[in-house]
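Close look at the chain arrangement
Each chain, letter by letter, is given below.
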2 protein chains.
Amino acid sequence: MLTFQDAIFALQKFWASEGCLIWEPYYLQLGAGTMNPATFLRVLGPEPWRVAYVEPSVRPDDARYGENPNRMGLHYQYQVILKPEPGDPQELYLRSLEAIGINLAKHDIRFVEDNWEQPALGAWGLGWEVWLDGLEITQFTYFQQAGGQTLDPVSVELTYGLERILMAIQGVRHFGEIQWDERRTYGDVNLAAEEQHSRYYFEVADVDLLREMFNGFEAEANRSLEAGLTLPAYDSLLKCSHTFNVLDTRGAVGVTERAGYFGRMRGIARRVAESYLQEREEAGHPWLEQPEATKPHTEQESGSSPDQSAPFVLEIGTEELPAQDLTSALVQLEESMARILSDARLEHGAVQVMGTPRRLTALVNELAAGQSASDRIVKGPPWSKVYDADGNPTQAASGFAASLGIEVADLEQQELDGGTYAVAAVREEGGPAWKVLAEKLPGLIAGIQFDKAMRWDLSGTTFSRPIRWLLAVHGDRVVPFEYGGMVSGGSTRPLRGSQTGELPISTASDYLKTLEANEILPDVATRRLEISRQIETAAGEVSGSIAPDELLLGEVANLVEAPRALLGSYDEAFLDLPRDVLTGVMKKHQRYFPVEADGKLLPNFIVVANGQRESNDEVVHGNEQVIRARFADAKYFVARDLERPLESYVQQLDRLTFQTDLGSMLDKTHRLEALTASLAGQFELSEGDGQSAVRASQLCKADLATLMVVDMTSLQGSMGRYYASESGESESVSEAIYEHYLPRFAGDELPQTAAGTALALADRLDTLMGLFSIGEQPTGTRDPFGLRRGAVGLVQILVDRQLNLDLRIALGWAWDGYERGGEPDALENCLEFIIRRQQQLMLDQGRPYDVVAAVLASQGANPLGAQIAVRGLEKQVERADWLTLLQAYSRCGRITRDFDETFEFAEERIEEDSTRALYQSLIKAEASPRTPGSVDDFIAAFEPMIPAIDRFFEDVMVMVDEQALRENRLGACCNGWSILRSMSPTSPNWRDISPTSLLRGGGYQLCKEQGTSH
Amino acid sequence: MLTFQDAIFALQKFWASEGCLIWEPYYLQLGAGTMNPATFLRVLGPEPWRVAYVEPSVRPDDARYGENPNRMGLHYQYQVILKPEPGDPQELYLRSLEAIGINLAKHDIRFVEDNWEQPALGAWGLGWEVWLDGLEITQFTYFQQAGGQTLDPVSVELTYGLERILMAIQGVRHFGEIQWDERRTYGDVNLAAEEQHSRYYFEVADVDLLREMFNGFEAEANRSLEAGLTLPAYDSLLKCSHTFNVLDTRGAVGVTERAGYFGRMRGIARRVAESYLQEREEAGHPWLEQPEATKPHTEQESGSSPDQSAPFVLEIGTEELPAQDLTSALVQLEESMARILSDARLEHGAVQVMGTPRRLTALVNELAAGQSASDRIVKGPPWSKVYDADGNPTQAASGFAASLGIEVADLEQQELDGGTYAVAAVREEGGPAWKVLAEKLPGLIAGIQFDKAMRWDLSGTTFSRPIRWLLAVHGDRVVPFEYGGMVSGGSTRPLRGSQTGELPISTASDYLKTLEANEILPDVATRRLEISRQIETAAGEVSGSIAPDELLLGEVANLVEAPRALLGSYDEAFLDLPRDVLTGVMKKHQRYFPVEADGKLLPNFIVVANGQRESNDEVVHGNEQVIRARFADAKYFVARDLERPLESYVQQLDRLTFQTDLGSMLDKTHRLEALTASLAGQFELSEGDGQSAVRASQLCKADLATLMVVDMTSLQGSMGRYYASESGESESVSEAIYEHYLPRFAGDELPQTAAGTALALADRLDTLMGLFSIGEQPTGTRDPFGLRRGAVGLVQILVDRQLNLDLRIALGWAWDGYERGGEPDALENCLEFIIRRQQQLMLDQGRPYDVVAAVLASQGANPLGAQIAVRGLEKQVERADWLTLLQAYSRCGRITRDFDETFEFAEERIEEDSTRALYQSLIKAEASPRTPGSVDDFIAAFEPMIPAIDRFFEDVMVMVDEQALRENRLGACCNGWSILRSMSPTSPNWRDISPTSLLRGGGYQLCKEQGTSH
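Just so it is clear, the structure is predicted and the values come from calculations on it, not from any experiment.

**Some details on the confidence of the model for chain A**
Residue and element names in this part refer to chain A.
- Residues of chain A with pLDDT of at least 70 account for 93%, and the chain-wide mean is 89.
- Looking at the elements of chain A, mean pLDDT is at its lowest for helix 34 (residues 1004-1010), recorded as 31, and at its highest for strand 1 (residues 21-22), recorded as 98.
- Counting contacts from residues 994-1014, a segment whose pLDDT is below 50, to residues more than four positions away or on other chains yields 28 contacts.
- Complex prediction metrics read pTM 0.79 and ipTM 0.80.

As C-alpha cells, then:
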C-alpha cells in the first residue's frame, strides 16, 4: 500500500528529477503553501525558479473537530512552482500522478476551471481544479499577480491535496484512516490535534488578545519594512494573516473590520513584494539565465499548395478552456474567420466552427486556392500637372505611371476629392490562400477576447488558457504562421490520457475523421445531443429520467471532448435532504445530472466522463465516493442547522458584512423590515400578505449564517425557505424568503407572491440606494455587487407584477433606512441608473430608441408606467399621419427653443383669431379626460389642436418687429408649450423623434450605435 | 555530489526503513526539533514511537548576518526519536552516516559527553555530541525527562546538524556554499534571509512589544490548559519560547530575569506534559504493544572452570562514558572488587583496574579457583537447654546438631551475648570462584554510583551511560551472570569503527593481548603517558611545546581508547586574538592542546584522535576546518566589539535586565558606582585606587553587551579587562574589571587589587540586597541567582583582604542604591543570610559549632572580626580552666534569666562586701583596655572578676524574702550582666557553650548534625 509518507517521497523524487529544489515547510502557521516565501516571493521578478515542498496548512476556519471526513484545521499540501511555465505543465503534472501510482488509463482526470484569488496577499491566478473521478485533488494555477505585482514570467503553481489523493488511493472514507506509514494512521498522529485546535479556534482563543497581536504584528511588519527588511516583514504579515484567521473563526471580525484587515494586509504584501523586487534587482538578478535562443523554426513539412478549392482547417489547441470562454470564443471565431476571408478576397464555402475544451476549430469548405483579383483606381497627380506646357509628360506623371508599371498615356482623368486628377486603373492579382492566411491568422487569434485572459509564457501572449498547438492546413498544405512563439503545424492531439502521440492531419479533409477515430466529438451541438442521449439511456437503467437543464447540459458539453455518461448511485438515506441541496451539490459542485422518477429524486446521478476506458468501475466508484462525502457534509450541516430555529440565526448576521461602509447583514435586515412595510402599504397588500412580508423580511437573510449556506452560498433563499418551514413559519413567509432573491439571473423566475414581491423589491432598493450613497456604482465592466442585475430585476418585477411605483419615493424610503439625513445626490444617480437599465431592457425587446428615450425621460421613475407608455407611443408612431402630428406638436416647442427668457402671455391682448383659436383648443385639450402617463389619451386630446396649430403658424408671424406684440405671441407659444408638456406622458424630446429613425422601422439598431454615449 | 536535499532524502529513506514515521517540520518557530510535539510530547508515557523529520530550527541568538561560516539564525536539524531505545542506537546511527556516504574508516568519529538540558521545557537527557573529525555533527541523547516528567521508557534522540555534515561532505567552508540541489546553493536560497533576520533579531525587533507578546502567549497557554487543550497550550508555549529567544537576542533579558522567564515556561511545559499523559492514559494507551517476551538466555559456552589460580577479568562494556565518570567508576570498581573478593574469601593476586570510555575493567591476578574454607562458631540453644533433666539431649539440641551435620556431643559451651549457649564450630568449604563471582558481580556493578546516572532500557538499570556488554572470564571459563537484562559472556569489542566483530576472550590472560592487538590501551595512566609523549612529539614537529595542563590531559586520556595525537595548524592571523580566547576555544570547545614556543602561541594545535587509520589527512583537515571556523567566529566578534570603546557599551546595558523588578544592568552599574565610592571611603583607599575603583565600576558590566561575551559568557571579565585595556583604560581599572567577578567558584582566585576588591564587594552587596529586597532569597535547593555563592565570596574577600566592614552599614548603602526609602526588614534577613554562609564556611573549616554560633550572634555583621573572634574564642575554650571561667560568666546571666522585669540597682544601697567587691571588679574590668571584638582582651578583662563572682554567689543569697533587698541584688546582677554583655565580643549565648560539646573536641560534627535546622 502506498502510505502517506510514501506518496510524499514519490512526489519529492519526481519533482526533484524535474529540476525542482526540494524545500521545507515554513516555520509559521500558513493557510497554504502559496504563502511560503518560496512561492509568494520567488514568483516575483524575472528569475527562474523551480521548487517543490510539503506545506502543513493551517486553516482554522476549516477545523471540524476531526468529525468531517474531508475537512481539517490542518491539512498537508504538496506545492510545486514552475517558473517560467515549462510549456507542458499539464503533462508534467499527469506524470507526477503516475509517479504516485495513479493509473491514468483507469481514471477520469479533468481540469475544471477554477480561478484563484487571495485578497490578503493581493494575489490571483487562473487555472483549474484537477479532478480525479470527480474528486478535487489539485489546484493548478497560472499565477498572474502576487503582492499586487504583475508576474512576468508567469509561474505555474500546483497544489496537491495530499489527504484527498491518499484517501482515494487507499480507498478510505475519513482522513483519519489514511495509513501514514505501515504502522500508524493519519488519525493516530493528528486526530487529537484536530479536535483540540478546533476547540481552541472556535471556543477558546482570546479575541481581545488576538486583536492586539494583529496590531503588534502589523506594527512589526511596518518597522521591518522601514528598516528595509523584506523577509522579517513578510513573517510578520504571515502572523497577521494567521491571527486574522483565528479572529475570523472566533466570529470576531466585524463587518467593517474585514475589508479593513484585508486592506492592511494587502498593503503590507504589496510593500513586501516591492521591496523583494528591489532587492533582487539590486543584486543583479543572479539567477537570471540567458533565455534560450528562440528555437529556429524547423521548416514544416508544408505539403503542396492546393491548386483548386480545398477545405481549410484551423485548430487552436489549448489547455482546458472554461465552459463560458469556449462559447464566447466560438462566436468570435466564426465572425472573425468569415471577416478575414472576405477581407482577403478568398472565396469559400460554409464556415463551420467547432470546439471542445481543448480545441477551437474553424473548418472552411471549398476555400479558394488563391485570392480573387481586384481592380482599383489609384490616384495620381492633378490632371493639370500631367503634361507640361509643351505637352510632354511631367516628371511627376512619369514617376507615377512607372510606379504602377504603365505608360503615362494610360492615365485617365477623373473628378476626385473636389479636383481633377490623373488616375490609373490597376488590377491586383491575388496571392495564394496559404500566404494570405499565414498573414491574417495571427491577428485572428489575437482578436479573440475573453472576460478574463491570462499570460503564461515569455511571449506575453494572452488567452483564456494557454495555447499549446496550432493546426492550420489548407488542402494538404500546412499554412505556416507563428503566434505567441508557436509555429503552426499539421497535427492535432488526441484525447488527454490517450497513449497515442500527435495525430497528423496531412490534409484538411481528414480532420474530422481523425478526431472521430480518436473518440473526439469536436462540435458542441453534436456533443450536447450525444450527452442528452447518453444520459437518458443511463437514467433508463434505473427507470429514471433527467429533468431538462439546458444550462447544465451546455456546461457539461463544454467540459468534455468525448462524453461518456456513467450512472452512479448513492445511499438512499441522503434523500432525506432537501431536494435543492441534493441537486445543488450534484449540479453545482459536481456537474452531475440528478436522476428522477415521478418527480422524485432517485438515489442516482449521472456523471459525464471524458473518453472511454476499459472499465468504468473505478471512475464510477470514485465519483460515488465524492458525492457520498459531499452529501455527508451537507447532511451534517443541515442537521446542525436544524438544531435551532431559523430566527435564532438572525443575531449572528451582525458578524456578516453587507458592505464595509454599510454595516452588517443584521443592519440590512432591520432596514428591510421598515422598507418592506412601506412597500406593503404602497401596494396596499392584504393584512396577511403584509404581515408575511414583514416577517419574511426579518428572516430573509438568516440562512446566511447557517452552515449549509456558508458552505454553498447558492443555496441561499432555498435553505431559508426550508429552514423557515421546518421552524414552523407559515408557507407564505417561507416562500417569500425564497422569492426575495428572484430573479437571480437573466431568465430566472420572478417572485409570485405578494409578500415575496414586496421583499424582493425592498432588498433591491436597499442595496442600490446603499451602494450609490457611498459612490459604489458600477463603472465600466466593474459591478462587484451585481447592481445592474439588481436594477433589471427591480424593473422586471414591477412590470411583471403590474405594480406602479414611483422609484423616487421608494428610493427615498431606502435612503431614510440608512439614516444619513440630508438630500442625496445619490438618489438621482441611482434613479438614472435604474432608468438606463430599463432603457436597455426595452431596447433589447426591440422598442425604438427614440420612443424609449422620450418616454423614460419623463416617466422613468415608474417602470410600469414607462413600459405602458412606450407601447402606446410605439403604436402611435406607426400612424400614417404621425409626422403631421409630430410636426404640429414640435412646432410649438421649436419656436421657443432659442429663447432663454420667458414671455408673459395675456389672453386679453390676443389680437388674432388664429391665436385665440389655438389658445382655446389648448384649453379644451387640457380639459379632456386623460389617464396619467397614457400616450393614447394625450394624443387623443392633442390631435384636435392640430388645425389650430397649423393655422396659427400659417397666419401669425410671431417674430414681428413690434416688441409687445412679438412678446405676447411668444408668450402664447411658451405658455401653450408649457401646458402641452405638462400634459404629455413623455419628455419634450419626443418632438425630436426623427422621421429618419422612424422610417428605419424601429430604433433598435440606432440605439445600439448611440447606446454607448448614453 | 551529495546535495543538501539528497542527504535529507537519504536520511528519510534510511530511517523509514528502520520503522520511523516520517514527520514534517512544525508550523511554528522552534529552536530545535526537540520542541516539535512529535518529540516533546511523544517521548512522554509508555507508548512506543519512532519518528524522523527535518526541523528548520530558528535560533535568533545564533544569527550572524550570514557572515559566520557555521552559525545561522536558522539551521536545519534532522531529528530522530527511537522509543524505546533499540539496544544498538549508536550502531544504527553510524549506519545512517554511511547511508549519506560518510566512510567511517576515514574519519575520527567520537562520542563526546554532552548533557543536554532545556530548562524552559523542564527537559534533560544524557548523551553526547557526535564529532566527525572534531566537528559536532549530531546531538545524541538518552532523554530522561521532559516537561518535568521522568521518561519511561527512555527515548533516544538523534539530532543531526545538516549544514555541518554537508559542509564536511561537500568540502565547503561556508554554509552558503553548500549545494542545496544541483543548481542552487544553500546561500542562494537562504543567505538573504539570514542577513535580514539577523538585523531584525539584533536591531529591529520591538522589545516592549515582545514582552507584551510573551505575556499574551503565556496567558493563552494558561487559558488553553484550563480548557483542557494540551496542544494549543503547547503551541502558545512554543510562541513564548521564540518570543523569549528574540528578546534575549535583543539583549533585553538580564541574567536574573532569565530565570524568571524560564520558570514561567517550565511551569507551562510541566502542565502540558501532565495533560498529555492524562489524555493518553484516558485513551487507554492505544499504541502500547505487548513487550516482547524476554529472550531466553542462550547458554553461554562457558569453558571449563580453572582448577587452580588463574587470572580473572571483568569488563563492563559501555557506550562512551564521560571523562569524570570514568575516573570515578574506576575508583569504585577497584574498591568494590577488592571487597567482594575478600568478602567471598577468594584468594587473589594484584587487582588492576583499567578503563577507557567504552570499558571498565578489573583484572585480578591469580584468583583462586575456589573460596578458602572458613571456620565459624554457630550459636545454638542456651546451654541449659541442651540436656534435659535426665541428661539426654533435648529436641532443640538434637535439631541444632542435626542441622549442622554433627552430634550433640560435639556441641560446646560458650559465653555469648551475656548468656551461656551451646555452640558448634563449623568449617565451611568454599565454592568454586565462578559461582561466587556470578552471585556477587551484579551487586558490584549496581554499586557503582555516578553524579548523574541514566536509565536507558526497560530493565530500569541505571549507569553513567548504557552498558552494552559484559565480559567475565576466570581462567578460561565464562563467569555467567545477568545484569540489567544482559548476560555476561566471553568476548569484548574492538575499537569503534573497526571492521572486526566481537573479540573472543577465551582465557582471561588473553585479555590485554587482545586489546593491544586491537590498538586499545586500556589503562588510563598508560594512555596519559602515551598522550604526553605523542603530543610532545607532535609539538616538536613545529619546534613547539605544550604548556602543562593536567586537567586537559586527564580529560583527553579519558576520551580515547587508542590515542593518536595529530598536529594541525591554523591561520597565523588568528594569533592576534587575545590568548584567553584562543586557548579557551581550543581547550574548552575542542579539547585540543595549544602549541607554544617561548611562551607564545604557535598557529598550531594538537588533536588526539581515537585509533589509527590509513591516512590522517581527512581527520586533520576536518579538525582544521573546525578550529578555523571557531576562530573566525571569535575574530569576528572581537573585531566588531573593538570598533567602539568599552565605555560605549555601557548604554546598551539598559537593555539587559538585571532582574525584572530591579531594573537593568545599567541601573546596576549606576548603583555600583555609588556603592563602590562609599566602600572606597570606608576602606580609606588611596586617591588613585579610589578613582580606579569608581571608573571600573562604571565599566565592569559593559562587556556583557559585547558579542564575544554574549557568545561565550565564561569570558566575562576577561574580555572586559581586554577591551578596557584596548580602549585605553588604566591597568588598574582593567584589572579591577576582571577581578570584580572573583571568586567565580569555590577555590577560585580572589581579587588582589584594592580597586578590584572594593568593586567585587560592591557587586555582591548590591545583588544580595537587591534580591532580598524583593523577597527573592534562596529557598531549599533553589538559588537561581547564586546568592549563596555571592555571600560566601563576600565573606571570603573581607577575610582574605583583612577588611573590617560592618555589613549592616554596607547593606544600608546598597539598600539606598535602590532608592526605595523606608527601613527594610530585608536588610536584616540579608545580613542573617550572609552570617549563615560565614557560619557554614567556618564550620567547614572545623571550627566548633558553639564557638561559631556564639561569635556570629554578636559579631556576624563584621566577617573579619567574627573570624578573628572565633579563632580567639576557640583558643580560649581550650584552656584548662575554661569551665571555671565559663561558669563564672554564665552564673551572672543565669540568675536573671527567669525575669522579664528589670530591677534598679543603687550602688549606695549595697549592703554586702561581696556585692560591692563584685561591682568594683566589674568597673575595673570595664575600664581595662580592649580591642573591640577581641575575645582575648575580653577574657583578660573578665578573668580577674572570677573570684568576686564566686564570692558573691557564695556569700549572697539573692532571692531573699525582703523585696527591696532582693530587688537591689537582682538589680546588681542585671546591671552587671548588662555591662558584661556590652563588653563581650560574642553573644550572650556563649554562656551556653556546653562542656559536652567542648569535650567532644570541637563542634564540627555537632554542627553538621544541627546544621540542617539552622
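**Digging into empty space enclosed by the protein**
- Counting across every chain of the model gives 14 cavities of 30 Å³ or more.
- Lining of the largest cavity is provided by 37 residues; of these, A:M213, A:F217, A:K239, B:F217 and B:K239 occupy positions nearest its centre.
- Elements with a contribution of two residues or more to the lining of the largest cavity: helix 5 (186-204), helix 6 (207-226) and helix 7 (230-249) of chain A together with helix 5 (186-204), helix 6 (207-226) and helix 7 (230-249) of chain B.
- Class assignment for the residues of the lining of the largest cavity results in 21 nonpolar, 10 polar and six charged.
- In this model, the second largest cavity occupies a volume close to 190 Å³.
- Taken together, 19 residues line the second largest cavity, and the ones lying closest to its centre are A:I8, A:Q12, A:E24, B:I8 and B:Q12.
- At the level of elements, helix 1 (4-17) and strand 2 (49-58) of chain A together with helix 1 (4-17) of chain B are the ones that each hand at least two residues to the lining of the second largest cavity.
- When grouped by side-chain class, the residues that make up the lining of the second largest cavity number 13 nonpolar, four polar and two charged.

**Considerations on the pattern of salt bridges**
- As enumerated under the stated definition, the model contains 88 salt bridges over all chains in all.
- In this structure, A:R533 and A:E530 form a salt bridge, with 2.5 Å as the shortest nitrogen-oxygen distance. With A:R533 and A:E530 both in helix 13 (residues 524-540), this residue pair falls three residues apart, about one helical turn.
- Residue classification places A:R533 among the partly exposed residues on the basis of a relative accessible area of 47%.
- Ionic pairing is found between B:R199 and B:E195, a salt bridge with its closest N-O pair at 3.7 Å. With a gap of four residues between them, B:R199 and B:E195 both fall in helix 5, about one helical turn apart.
- On the accessibility criterion, B:R199 (24% relative accessible area) is partly exposed.
- Each of the salt bridges in this network shares a partner with another, and the network as a whole consists of A:K668, A:R671, A:K701, A:D763 and A:D766.

**What to know about the side chain of B:D748**
All names here are of chain B.
- By the secondary structure assignment, D748 is in the loop between helix 21 (731-739) and helix 22 (754-773).
- Relative accessible area serves as the criterion here: at 12%, D748 is assigned to the buried category.
- Once you skip the residues sitting within four places of it in the chain, D748 turns out to touch L742 and P743.

**Here's the deal with a negative patch on the surface**
- Together, A:D208, A:E212, B:D208 and B:E212 line one region of the surface with negative charge.
- Contributions of two or more residues to the negative patch are made by helix 6 of chain A together with helix 6 of chain B.
- With respect to the helices and strands, A:E212 occurs in helix 6.

Reading the values: rules and limits
All chains use their own residue numbering, which begins from 1 and follows the written sequence. Chains carry letters and ligands carry numbers; both start at the beginning, A for chains and 1 for ligands, and go up in the order they are written. Per-residue local features of the predicted model are confined to residues with pLDDT of at least 70, and side-chain atom pairs are confined, for both listing and counting, to 80 or more; whole-chain, interface and lining totals are unaffected and use all residues. Excluded from the side-chain calculation are hydrogens and water; included are all heavy atoms of the structure. The pLDDT value expresses, per residue, how confident the predictor is, ranging between 0 and 100. Numbering of helices and strands starts at the N terminus; helices are DSSP runs of H or I of at least 4 residues and strands are runs of E of at least 2. Only heavy atoms matter for contacts: two residues are in contact if any of them lie within 4.5 Å across the pair. For each structure, a 1 Å grid was placed over the protein atoms alone; sets of points admitting a 1.4 Å probe that cannot get out are labelled cavities, open sets with protein on both sides within 12 Å along at least five of seven lines are labelled pockets, and lining residues have an atom within 4 Å of a point. Grid points are joined across faces, edges and corners, and a volume is the space filled by probe spheres set on the points. Only Asp, Glu, Lys and Arg are considered charged in this grouping, and only Ala, Val, Leu, Ile, Met, Phe, Trp, Tyr, Cys and Pro are considered nonpolar; every other residue, Gly among them, is considered polar. The term salt bridge refers to a pairing of a side-chain nitrogen on Lys or Arg with a carboxyl oxygen on Asp or Glu at a separation within 4 Å. Only protein chains enter the accessibility calculation, which uses a 1.4 Å probe; a residue is then buried when its area is under 20% of its type maximum, exposed when over 50%, and partly exposed in between. Residues forming no salt bridge and having over 30% relative accessible area are the ones grouped into patches, like charges within 9 Å of each other and nonpolar side chains (Val, Leu, Ile, Met, Phe, Trp, Tyr) within 5 Å. Values of accessible area rely on a 1.4 Å probe in the Shrake-Rupley scheme; residue burial ignores everything except the protein chains shown. In this tally Asp and Glu are treated as negative and Lys and Arg as positive; neither His nor the chain ends contributes. For the purpose of locating charges, the reference atoms are NZ of Lys, CZ of Arg, CG of Asp and CD of Glu.

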